[in-house]
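What the coordinates show
So you can see what is in the structure, the chains are spelled out below.
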Protein chains: 2
Amino acid sequence: MVAAVRPRARVVVCLAKGMEVGTGRRMTEIIAEQLPAIPIVALTGPSHAEEVVRGVPTAVVAASDDRAAAERIQSLFSGETFRVYTSDDVVGVEVAAALKNIIAIAAGIADGLGYESADNLKGALLTRGLTEISRLGIRMGAKPETFAGLAGIGDLVTTCLSRHSRNRHVGEQIGRGRTLEETLAAMSMVAEGVNTTRAAVVLAQRLEVKMPIAEAVHRVLNGETHPREALTELMLRPLRSEMPLDAPA
Amino acid sequence: MVAAVRPRARVVVCLAKGMEVGTGRRMTEIIAEQLPAIPIVALTGPSHAEEVVRGVPTAVVAASDDRAAAERIQSLFSGETFRVYTSDDVVGVEVAAALKNIIAIAAGIADGLGYESADNLKGALLTRGLTEISRLGIRMGAKPETFAGLAGIGDLVTTCLSRHSRNRHVGEQIGRGRTLEETLAAMSMVAEGVNTTRAAVVLAQRLEVKMPIAEAVHRVLNGETHPREALTELMLRPLRSEMPLDAPA
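Residues numbered from 1 in each chain as written. Chains lettered and ligands numbered in written order. Predicted model: local features only at pLDDT ≥ 70, side-chain atom pairs only at ≥ 80, totals over all residues. Heavy atoms only, no water.

Regarding the overall build of chain A
From N to C terminus, chain A includes 11 helices and 5 strands. If you line up chain A on its principal axes, its C-alpha atoms span 55 × 40 × 30 Å. When burial is assessed residue by residue, chain A has 58% of its 249 residues classed as buried. Long-range pairs, those at least 24 residues apart, make up 67% of the contacts in chain A with a sequence separation of at least 6. (Helix = DSSP H or I, 4+ residues; strand = E, 2+ residues; numbered from the N terminus. Buried < 20%, exposed > 50% of the residue type's maximum accessible area, 1.4 Å probe, protein only. Contact = heavy atoms within 4.5 Å.)

Points about the nonpolar core
If you look at the biggest cluster of nonpolar residues, it comprises 106 residues, and the most contacted ones within it are A:Leu99, A:Leu125, A:Leu136, B:Leu99, B:Leu125 and B:Leu136. Dropping the residues within four chain positions of it, A:Leu99 is found in contact with A:Met19, A:Ile133, A:Leu136, A:Thr196, A:Ala200 and A:Met211. (Core = buried A, V, L, I, M, F, W, Y, C linked by side-chain atoms within 4.5 Å.)

What to know about the relation of the copies chain B and chain A
One chain copy maps onto the other through a rotation about an axis and a shift parallel to that axis. For the pair chain B and chain A, the best superposition has an RMSD of 0.0 Å and corresponds to a rotation of 180 degrees with a translation of 0.0 Å parallel to the axis. Viewed as a symmetry operation, the transformation between the two copies matches a two-fold axis. A shared binding surface is used by both copies, with 100% of the interface residues of chain B retained as interface residues in chain A. (Least-squares fit on C-alpha atoms with pLDDT ≥ 70 in both.)

Observations concerning the pattern of salt bridges
A pair can form between side chains of opposite charge whenever their charged atoms are brought close. A full pass over the atoms with the stated rule returns 28 salt bridges over all chains. Among the ionic pairs, B:Glu20 bridges to B:Arg25, the shortest N-O distance being 3.1 Å. Judged by its relative accessible area of 26%, B:Glu20 is partly exposed. For B:Arg25, a relative accessible area of 23% puts it in the partly exposed group. If you follow the salt bridges from partner to partner, you end up with A:Asp111, A:Lys122, A:Arg168, A:Glu172 and A:Arg176 in one network. (Salt bridge = Lys/Arg side-chain N within 4 Å of Asp/Glu carboxyl O.)

Description of the packing of helix α5 (residues 119–139) of chain A against helix α6 (residues 150–161) of chain A
Residue and element names in this part refer to chain A. Between α5 and α6, whose axes approach to 11 Å, the crossing angle comes to 145 degrees. α5 and α6 meet at a crossing whose hand is right-handed. In this structure, α5 contributes Lys 122, Leu 126 and Leu 130 to the contact, and α6 contributes Gly 152, Ile 153, Leu 156, Val 157 and Cys 160. In terms of residue class, the contact of α5 with α6 is made up of 6 nonpolar, 1 polar and 1 charged. (Axes fitted to C-alpha atoms, helices over the stretch in contact; angles between N-to-C directions. Left-handed = near helix turned anticlockwise from the far one by under 90°. Nonpolar A, V, L, I, M, F, W, Y, C, P; charged D, E, K, R; others polar.)

Looking at the packing of aromatic side chains
A complete count under the given rule lists 0 aromatic pairs over all chains for this structure. For the cation-ring pair, A:Arg128 lies above B:Tyr85, with the distance from its terminal atom to the ring centre recorded as 4.7 Å. (Phe/Tyr/Trp six-rings, centres within 6.5 Å; stacked < 30°, edge-to-face > 60°. Lys NZ or Arg CZ within 6 Å of the ring centre and 35° of its normal.)

Structural notes on the interface of chain B and chain A
Tallying the contact residues gives 54 residues for chain B and 54 residues for chain A. With both chains or domains summed, chain B and chain A bury close to 5,000 Å², and 59% of this area falls on carbon and sulfur atoms. Taken together, the links from chain B to chain A amount to 2 salt bridges. Here B:Glu116 ties to A:Arg54 by a salt bridge, and the two come within 3.8 Å at their closest N and O atoms. The interface formed by chain B and chain A includes 22 residue pairs in polar contact (both at pLDDT 80 or more). At the level of secondary structure, the elements contributing two or more residues to the side of chain B that touches chain A comprise α2 (49–53), β4 (58–63), β5 (82–87), α5 (119–139), α6 (150–161) and α11 (227–235) of chain B. Of the residues forming the side of chain B that touches chain A, the biggest block, 10 residues, is contributed by α5(B). (Buried area = accessible area lost by both parts, 1.4 Å probe. Polar contact = N/O pair within 3.5 Å; in protein donor to acceptor, adjacent residues only side chain to side chain.)

Brief notes about the pairing of strand β4 (residues 58–63) of chain A
All names here are of chain A. The buried fraction of β4 amounts to 6 of the 6 residues, a majority that puts the element mostly inside the structure. Inspection of the sheet shows strand β3 (residues 40–44) paired to β4 by 3 bridges, in the antiparallel sense. Considered in β4, the bridge of Leu 43 is made with Ala 62. Where β4 lies against strand β5 (residues 82–87), 6 bridges are found, and the strand directions are parallel. Bridging from a neighbouring strand, Ala 63 pairs with Ser 87 of β5. With helix α3 (residues 67–77) bridging β4 and its parallel neighbour β5, the resulting β-α-β unit is right-handed. (Pairing = 2+ DSSP bridges. Right-handed = clockwise from strand over helix to strand, strands pointing away.)

Here's the deal with the confidence of the model for chain A
All names here are of chain A. Here chain A shows a mean pLDDT of 90. Residues at 70 or above account for 92%. Mean pLDDT across the elements of chain A bottoms out in strand β1 (residues 2–4) (54) and peaks in β3 (98). Considering only residues more than four positions removed or in separate chains, one finds that residues 244–249, a stretch of pLDDT under 50, has 10 contacts. The complex model carries a pTM of 0.91, and its ipTM stands at 0.90. (pLDDT = per-residue confidence, 0-100.)

Re the packing of helix α4 (residues 90–112) of chain B against α5(B)
Residues and elements named next belong to chain B. Two elements in contact, α4 and α5, have axes separated by 9 Å at closest approach and are oriented at 150 degrees. One element, α4, and the other, α5, form an angle in the roughly antiparallel class. Here the hand of the crossing between α4 and α5 comes out right-handed. Mapping the contact onto sequence places Val 91, Val 95, Ala 96, Leu 99, Lys 100, Ile 103, Ala 106, Ala 107, Ala 110 and Asp 111 in α4 and Leu 121, Lys 122, Leu 125, Leu 126, Gly 129, Ile 133, Leu 136 and Gly 137 in α5. Across the contact of α4 with α5, the residue classes break down as 13 nonpolar, 2 polar and 3 charged. (Parallel < 35°, antiparallel > 145°, perpendicular 65-115°, else oblique.)

A short note on the side chain of A:Asn120
Within the element layout of this structure, A:Asn120 appears in helix α5. When its relative accessible area of 0% is taken as the criterion, A:Asn120 is described as buried. Among the polar contacts listed, one links the side chain of A:Asn120 to the side chain of B:Thr58, at a separation of 3.1 Å. Look past the residues within four positions of A:Asn120 in its chain and what remains in contact with it is B:Pro46, B:Ser47, B:His48, B:Glu51, B:Val52, B:Val56, B:Pro57, B:Thr58 and B:Thr158.

Dropping the structure here:
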């Protein structure tokens with residue numbers, strides 16, 4: 001999506017979320033390679049399109065290395081029910097936007113396990129999930145506070161509780177005992193979280209960051225571990241005090 | 001609840017959440033006054049009782065100034081589906097546990113406004129809500145990282161998405177146009193969030209901390225503002241970059 005702000009002052013707004021499998025590159029890195037010398041703004045945050053269209057109040061983040069470009073997109077896109085905040089932490093918002101889909105799959109698995117409700121488990125998964133996403137992001141150069149913002153916790157919450165989320169849906173089907181192949185074959189849309197899980201696990205190993213939830217989701221998606229066993233293993237990690245965001249484990 | 005660990009080594013486990021109206025005192029402060037010289041542990045986190053009973057995996061935090069007491073409760077209460085982490089931030093976990101109910105009311109109001117779903121709005125409310133809770137907590141001496149943990153974001157997420165939450169229910173009824181009196185008269189259980197909202201607004205004024213969501217919920221509960229207007233006002237706050245956790249506004 002290219003918004004023509006004024007002649008010769010083009011800005012690219014990146015709405016894509018994910019990570020390149022193998023390289024772990026972010027979406028704006030790939031765009032910058034193809035469109036050098038044009039400022040790029042990543043627009044992220046809790047914003048299911050179905051609700052934006054219906055006028056549900058929505059707040060998002062426009063992140064760019066180019067502050068003027070972020071502020072232009074802020075003033076162009078903001079309206080009474082769609083609010084845009086600016087950020088200079090492109091790495092943080094993109095890592096958060098991509099990796100939240102892994103936690104959405106995990107939350108979906110919890111929904112599919114057959115408990116009447118599993119809100120306690122989902123609360124724990126979101127908390128620990130945000131911690132491991134932050135850990136990877138900070139290692140990649142993100143600012144810690146981004147993960148406490150709309151692009152971090154906000155998008156994570158909305159994605160994990162929404163029936164619109166395709167990634168949560170994939171998890172739920174797998175929690176119910178379907179295979180990944182059966183689940184994806186029955187869907188007409190893409191669930192980016194499946195590829196993002198693979199990309200994140202590779203990246204976490206390369207950067208020596210522990211991501212126990214992503215690794216568990218990865219094993220479940222591959223059919224290596226039963227969903228309930230994977231969650232039990234996560235719960236049975238050694239007892240200790242809660243870890244600060246940047247702790248090694 | 002008094003757990004007899006061994007003779008003459010009693011520990012009080014505080015499960016109550018809230019703040020004393022008028023004084024803003026925390027539950028363990030009130031207990032300590034009545035039971036001096038006995039170590040007190042606050043047990044908090046995403047743990048709806050209905051799910052704990054059914055064996056849904058649940059992770060909570062045992063917080064105490066007395067590390068040995070927290071570790072005792074950790075080992076006494078932990079089982080395969082109920083995991084206890086320790087913390088020394090009693091102020092943080094108690095502020096988070098009490099004030100999350102204000103945001104649960106706000107999330108319920110969003111649910112009651114008549115949108116088919118309002119997950120974008122709830123994601124934004126939870127994010128900004130956690131920010132203002134953190135701001136008040138830090139001003140009271142809490143550690144910032146507590147709000148990123150199970151007692152903070154974890155409990156907030158679980159409470160806001162659960163149909164078990166009485167506070168979310170109160171908000172939903174009010175979002176649909178009922179008055180607070182009608183709503184409370186129809187309930188058999190207590191919704192602590194109503195009193196906590198009053199206590200928090202008084203405390204925030206005294207400590208000069210801005211809590212726009214708590215103030216909006218307070219006005220709506222008092223019938224001073226229509227729910228939809230209150231949310232619109234929140235959304236129309238001046239545009240800016242996202243705030244760090246400890247920023248003044």
